[in-house]
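Spelled out, the chains give:
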Amino acid sequence: MFVICGPKLSICGFIISIWGIIMMGLLGVFFLIKSPLLLEDIPATKADFEERAKVDAIFQQSAYNCWVVAGVYVFVGLFSYFQMRMNSRQQYVVT
Amino acid sequence: MGSLFRSEEMTLAQLFLQSEAAYACVSELGELGLVQFRDLNPDVNAFQRKFVNEVRRCDEMERKLRFLEKEIRKAGIPIVDTGENPDAPPPREMIDLEATFEKLENEMKEVNTNQEALKRNFLELTELKHILRKTQSFFEEAEFHHQMQDPALAEESHALLLGDEERGGQPMRLGFVAGVINRERLPTFERMLWRACRGNVFLRQTEIETPLEDPVTGDQVHKCVFIIFFQGDQLKSRVKKICEGFRATLYPCPETPAERREMAIGVMTRIEDLQTVLNQTQDHRHRVLVSAAKNIRVWFIKARKIKAIYHTLNLFNLDVTQKCLIAECWCPVADLERIQLALRRGTEHSGSSVPSILNRMTTKQAPPTYHKTNKFTSAFQAIVDSYGVASYCEVNPAPFTIITFPFLFAVMFGDAGHGLIMALFGLWMVWREKQLMNQRKDDGTWAIFFGGRYIILLMGAFSIYTGFIYNDFFSKSLNIFGSSWSMANISDEDIEKYDMIELDPNVTSIYKPRSPYPFGLDPIWNMAENKITFLNSFKMKMSVILGVLQMSFGICLSLSNYRFFKDPVSSVSVFIPQLLFLLCIFGYMVAIIFYKWIAYDASISYKAPSLLITMINMFLFKFPESQDDYLYSGQKGFQIFLVLLAVACVPCMLFIKPYFAWRAHKSGKRTVRVNGAAEDTAVIMDQDEGEMPPPPPEGVSGHKEEEEFDIGELLIYQAIHTIEFCLGCISHTASYLRLWALSLAHAQLSEVLWSMVLHIGLGFQGWVGAVVTTLVFPAFAVLTIAILLVMEGLSAFLHALRLHWVEFQSKFYKGEGHQFVPFSFEALMEDHN
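Here the structure is a predicted model, which is why all the values come from computation and not from measurement.

Rules used in this analysis
Residues numbered from 1 in each chain as written. Chains lettered and ligands numbered in written order. Predicted model: local features only at pLDDT ≥ 70, side-chain atom pairs only at ≥ 80, totals over all residues. Heavy atoms only, no water. Helix = DSSP H or I, 4+ residues; strand = E, 2+ residues; numbered from the N terminus. Rg over C-alpha atoms; globule rule 2.2 N^0.38 Å. Buried < 20%, exposed > 50% of the residue type's maximum accessible area, 1.4 Å probe, protein only. Contact = heavy atoms within 4.5 Å. Areas by Shrake-Rupley, 256 points an atom, 1.4 Å probe, with all protein chains shown as cover. Lys, Arg positive; Asp, Glu negative; His and termini not counted. Charge placed at Lys NZ, Arg CZ, Asp CG, Glu CD. UniProt positions renumbered as here; feature names shortened; annotations may be inferred. Pairing = 2+ DSSP bridges. Axes fitted to C-alpha atoms, helices over the stretch in contact; angles between N-to-C directions. Buried area = accessible area lost by both parts, 1.4 Å probe. Salt bridge = Lys/Arg side-chain N within 4 Å of Asp/Glu carboxyl O. Parallel < 35°, antiparallel > 145°, perpendicular 65-115°, else oblique. Nonpolar A, V, L, I, M, F, W, Y, C, P; charged D, E, K, R; others polar. 1 Å grid on protein atoms, 1.4 Å probe; cavity = no way out; pocket = protein on both sides within 12 Å on 5 of 7 lines; lining within 4 Å. Points joined across faces, edges and corners; volume = space filled by probe spheres on them. Left-handed = near helix turned anticlockwise from the far one by under 90°. Patch = residues over 30% accessible without salt bridge, like charges linked within 9 Å, V, L, I, M, F, W, Y side chains within 5 Å.

> For this particular structure, what's the right way to read the overall build of chain A?
A tally of regular secondary structure across chain A gives 2 helices and 0 strands. The C-alpha radius of gyration computed for chain A amounts to 19 Å, which surpasses the reference 12 Å derived for 95 residues by more than 25%, pointing to a less compact arrangement than a globule. When the backbone C-alpha atoms are referred to their principal axes, chain A occupies close to 65 × 20 × 15 Å. In chain A, which comprises 95 residues, the share counted as buried stands at 38%. A separation threshold of at least 6 residues defines the contact pool for chain A, and within that pool the share at least 24 residues apart is 72%. Here chain A displays about 6000 Å² of accessible surface, and carbon together with sulfur accounts for 71% of that area. Chain A carries 7 positive and 6 negative side-chain charges, and their two centres are separated by 19 Å.

Below, the structure is given as structure tokens:
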């Protein structure tokens, strides 16, 4: 397989992916338990706030979104880790 | 065991080394790294010193080694660093080393010149080969034309040639030269030929496809084969001169095809032979370099050690009897045993019978400051030393800085999420210490971060703690214990009607009395509009409290200094008034801050008097009418007492100390101050004898060498210090408010980053939100690291540092010492790397 990203980019990608997985995972959990501190961060208009059920649904949707993002970053993380290995192997062979 | 609280006790020692043993002893001392030699021949020129020849020889050796290293690097051979640390070889081995290096250098030079000559030869043969091949086509063309044409027309300037001549009857004696020239020079060459020979010469050229290697520089150059036809000798010489001018190499090219074929075969054979020889030369050179590369690190270390030893030996004095060398050095008292052992080892190694002697001397000079640090404390010691090296045996702020510095940083940084990232970064660097130490030594910025890895780790850890207190995780609060505030009993119509609801803590249903949030800030504040107003008051008071605490602690450390240096006058006349002044004013302010926090609860908070106004009125002796505006009973009398006490401290600070000094001077009891430098008495002290007499008291100033006593100068000095202290109290206390300011800035930046960056991703409805968030998150991460971690981190670091250097250390720290720089091979090798 080839090296698509250089060594620095793959390490950056790996670190950001780990961070993203943890942070988005936790954010998803917090959206699910409907934390009031995240009230400003949900895509709800003033009209939506009339119905309780609607707001709950939006919270849940945001939670799922966050987990999807975490899932995407799992793949990005794996890819970056793979690239890191490729890079270090290439360095080893060349010298 | 060294203590970090004060610098090590140092002594000036005299070493008597026998000339034969001197080298070995200095080598052992260099390995030990515990003595700092003084230069006993400061007026002597570098070229007049005793061991200048040896130093010169060492320089030569180093030059040869550098030449070898360059050759090794050019050949791309890796230099293996086994981490071996060889001892400095004895002087007789130096001659062997010199011989080895000389031999290697000569061999390399010879091989290089040979290789160059061979390559030049090779180049010539290759060019000749190309010429023979290319001109073949020219000649064939010409043959063709020649056969087609009438010989009578041969006078015209067609490509005519002597083929198998004499056919045309009247042979046109056309001469030709063949050669090779750089491709870039060809057009100019043609033009020059045309002009100089007035068009009477004819040039054919063709390019050589493969680039040829230039023997001197090793570059690949493209060349072209050319052949010039002319008639007559004049033209010939002209052409030859032009070729010389353009540095085109001419080759003798035979005229008949048969001869050319023969020559080509001959050239091919010679090229093959030469190639073999070249390969063998290259192999030989490679072998020589590889064998040198194995040892070159060790040789470098040895050469540098020898040079260092001879430099040090140059600092010594030769005894009258010419038999022994005398050295003077500073060394820590606690390590005298180890130094004695090292000297004994050195004497044994050199095979000398006479042991080396170490004498302790008393002196009036200020010894160098030596703090024994390990890899953890050395970073903090470096921070303190950047401001000023501690005076000899004064209190070292470093052990306190280990905790207070990360703590003050954390107060200004205050976000647990960012603190976590910083702590993880520090943890990674500490965990991978050994590997990271060997890589990447060249990068300056990385070296700074790596050197401060323990500081970064501590700063991150403390920031996590203050993040929990401020309840700030990437600008969001965590509700871990359950908020003490509740909206449960607010009616629905109120919620419908009003945009903002005010929660009154007096109402039991809203706020549970006597059960505040257990640790840190209640998470409800994150959603409150008046969060900043509330936090401002809290953080400002906290900053002032921390400031007054740190400053009082600094003043108490100065008492420790006065007691160590046996300066009772200062203890009474400087320490006590200073402490009283600070505590009466700002200590009282801290006390009423705490009092107000405790005594007033939500029900009566509306009538709590303002602390600032209280303090101002305290100094203006203005007292309010109504009983409500008093914090406590008896406040009036107590405040008047405090102000008078503080004011009374000022003349104490101004006059008591000069008065005592003047009295001491009058009664003839004065500390002996002899002109220090030349008269260090060499006292032979027993090893088991107790401590040296305490270092000379540094407190009483104004005594000049001539024992003049100027009361005026003393008074002025004291006045300056008093004013500095008193005004400094106020300004430094206010300066601590930067703790509040920076933490506010950090919190706001963090909030802005969340609401302007991450919020965009979370604000999209439906599954689109996931896509956008995936793209937005890396931007959020990068900006967090760049702005909040790096920029804010550096800013908080700088301000915490300033608070330590100016506000804390000005209370007790002189910082006028000089650093102990021992003669150590380890330090030397690190410098070279």
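Still more to cover.
> Would you mind going over the UniProt feature "transmembrane region" (unreviewed entry) in chain B with me for this structure?
Residues and elements named next belong to chain B. UniProt feature "transmembrane region" (unreviewed entry): in the numbering of this structure it lies at residues 407-431, 451-470, 544-562, 574-597, 640-660 and 776-801. For residues 544-562, the end-to-end C-alpha separation is 27 Å, with 100% helix and 0% strand making up the annotated structure. Counting secondary structure, residues 574-597 comes out at 100% helix and 0% strand; the distance between its end C-alpha atoms is 33 Å.

> Where do I start with the sheet that holds strand β3 (residues 174-182) of chain B in this structure?
What links the strands of a sheet is backbone hydrogen bonding, and the strands pair in either a parallel or an antiparallel sense. All names here are of chain B. Across the sheet, which stays open at both edges, the 4 strands sit in the order β4-β7-β3-β8 with antiparallel pairing between neighbours. The open sheet has two edge strands, β4 (202-207) and β8 (249-251), and neither has a second partner. Across the sheet, the mean angle from the axis of one strand to that of its neighbour is 25 degrees, orientation sign disregarded. Bridge analysis of β4 against strand β7 (residues 223-231) gives 6 bridges, and the strand direction is antiparallel. Among the inter-strand pairings, Q205 is bridged to a residue of β7, identified as F226. This element, helix α4 (residues 186-196), spans β3, β4 and β7 of the sheet and lies at about 170 degrees to β4. Relative to the sheet, helix α5 (residues 233-245) contacts β3, β7 and β8, its axis offset from that of β7 by approximately 160 degrees.

> Mind showing me how you'd approach the interface of chain B and chain A here?
Many descriptions give the size of an interface as the accessible area lost when the pieces come together. Taken together, the contact between chain B and chain A spans 29 residues of the former and 24 residues of the latter. Of the roughly 2200 Å² buried between chain B and chain A, counting both surfaces, carbon and sulfur atoms make up 73%. A per-residue breakdown of the area chain B buries against chain A is headed by L762(B), W767(B) and F777(B), which together make up 26% of the total. Applying the counting criterion to the chain B and chain A interface returns 1 salt bridge. Between D41(A) and K476(B) there is a salt bridge, with its nearest N and O atoms 3.2 Å apart.

> Can you help me understand the packing of helix α1 (residues 7-32) of chain A against helix α20 (residues 738-762) of chain B in this one?
When two helices pack together, their arrangement is given by the angle between the helix axes and by the axis-to-axis distance. Look at α1(A) against α20(B): their axes get within 14 Å of each other, and the N-to-C directions meet at 75 degrees. Relative to α20(B), the element α1(A) lies roughly perpendicular. Where α1(A) abuts α20(B), its residues M23(A), M24(A), L27(A) and F31(A) lie against W754(B), L758(B) and L762(B). Counted by class, the contact of α1(A) with α20(B) contains 7 nonpolar, no polar and no charged residues.

> Sorry, what's going on with empty space enclosed by the protein here?
All names here are of chain B. Summed over all chains, the structure comprises 7 cavities of 30 Å³ or more. Approximately 120 Å³ is the volume found for the second largest cavity. The wall of the second largest cavity is formed by 18 residues, among which D472, K531, L535, K539 and A747 lie closest to the centre. When residues of the lining of the second largest cavity are traced back to their parent elements, those giving at least two are α15 (531-564) and α20. It is α20 that provides the largest number of residues to the lining of the second largest cavity, a total of 6 residues. Taken together, the residues of the lining of the second largest cavity break down into 7 nonpolar, 7 polar and 4 charged.

> What should I look at first to understand the pairing of β7(B) in this one?
Within a regular beta strand, the side chains point alternately toward one face of the sheet and then the other, so they alternate between its two faces. Residue and element names in this part refer to chain B. With 8 of its 9 residues buried, β7 lies for the most part within the structure. Where β3 meets β7, 9 bridges bridge the pair, whose relative direction is antiparallel. Paired with G179 across the strands is F226, a residue of β7.

> Even after reading the chapter, I still don't get the packing of helix α1 (residues 19-32) of chain B against helix α6 (residues 257-314) of chain B, so can you show me in this structure?
All names here are of chain B. Two elements in contact, α1 and α6, have axes whose closest approach is 10 Å; the angle formed by their N-to-C orientations is 110 degrees. Looking at the two axes, α1 sits roughly perpendicular to α6. Handedness of the α1/α6 crossing: right-handed. Here A22, Y23, V26, S27 and E31 of α1 lie close against α6, whose contacting residues are K305, I306, I309, Y310, T312 and L313.

> Any chance you could explain a nonpolar patch on the surface here in plain terms?
Among the surface-exposed residues, V29(A), L32(A), I33(A), Y64(A), W67(A), V68(A), V72(A), V76(A) and W767(B) lie close enough to one another that they form a single nonpolar patch of about 740 Å² accessible area. Elements supplying a minimum of two residues to the nonpolar patch: α1 and α2 (52-94) of chain A. Per-element accounting of the nonpolar patch gives the leading share, 5 residues, to α2(A). A residue is classified by how much of its surface remains accessible, and I33(A), at 58% relative accessible area, is exposed.

> Explain helix α8 (residues 377-387) of chain B to me, please; I cannot follow it from the model alone.
One turn of an α-helix holds 3.6 residues; hence residues three or four places apart share an orientation. T377(B), A379(B), F380(B), Q381(B), I383(B), V384(B) and D385(B) are the residues of α8(B) that are buried. Against the buried residues of α8(B) lie α9 (398-413), α12 (444-451), α13 (453-470) and α21 (768-808) of chain B.

> For this particular structure, what's the right way to read the pattern of salt bridges?
Working definition: two side chains of opposite charge can pair if their charged atoms are close together. Residues and elements named next belong to chain B. A full pass over the atoms with the stated rule returns 29 salt bridges over all chains. When the shortest N-O distance is used, the salt bridge between R63 and E105 registers 3.2 Å. One end of the pair, R63, is in helix α2 (residues 52-74); the other, E105, is in helix α3 (residues 91-148), and 42 residues separate them in sequence. What makes R63 partly exposed here is its relative accessible area of 34%. For R120, the salt bridge identified is with E116, shortest N-O distance 3.2 Å. Of the two residues, R120 and E116 are both situated in helix α3; the distance of 4 residues between them amounts to about one turn of the helix.

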